[in-house]
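Fold and geometry: a report
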Amino acid sequence: PMLAGYWAERLFTIVMTVVGFLVCSMIISQIVVVMDRINQDQSEYLEETRAIRDFMVSRGMPLRLQTKVKRYLEYQFKSRKIVHQNHEVMMKLSPFLRQEIQEH
């Protein structure tokens, strides 16, 4: 086995181990945050569709109308997600670039 004999080598090894641990922890936490956002959006969508489906079933709406409503909600959810992503991208730009894009 390789042993650090000099005190500076030991200190360097300890510091790099701690830094590596912190970097890995930050990366994992960011992954968890992204996954949580995805799950939260999906849960919200499923809850909304379940509530509307229950409403339509309780009112005895025709299956064809239920399908139309379901398709509309899917479209609305996907378009809202795209709009949200576009907004996030725009907010990262400078005010001048945002204005120029909006004028285009």
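Just so it is clear, the structure is predicted and the values come from calculations on it, not from any experiment.

Conventions used here
Residues numbered from 1 in each chain as written. Predicted model: local features only at pLDDT ≥ 70, side-chain atom pairs only at ≥ 80, totals over all residues. Heavy atoms only, no water. Helix = DSSP H or I, 4+ residues; strand = E, 2+ residues; numbered from the N terminus. Buried < 20%, exposed > 50% of the residue type's maximum accessible area, 1.4 Å probe, protein only. Areas by Shrake-Rupley, 256 points an atom, 1.4 Å probe, with all protein chains shown as cover. Salt bridge = Lys/Arg side-chain N within 4 Å of Asp/Glu carboxyl O.

This brings us to the overall build of the protein. The number of helices and strands found in the protein is 3 helices and 0 strands. Listing the helices and strands of the protein from first to last along the sequence gives α-α-α. Per-residue burial over the protein gives 8% buried out of 104 residues. Of the roughly 9600 Å² that the protein leaves accessible, carbon and sulfur atoms contribute 66%.

Throughout the structure, instances matching the rule amount to 2 salt bridges. With its nearest N and O atoms 2.6 Å apart, the salt bridge here joins E47 to R50. Taken together, the residues span about one helical turn, with E47 and R50 both in helix α1 (residues 7-59) at a distance of 3 residues. Overall, E47 belongs to the partly exposed group, its relative accessible area being 43%. By relative accessible area, R50 is classed as partly exposed at 36%. A salt bridge links D54 to R50, with the shortest nitrogen-to-oxygen separation between them at 2.8 Å. With D54 and R50 both in helix α1 and 4 residues apart, the pair spans about one turn of that helix. We classify D54 as partly exposed; its relative accessible area is 37%.

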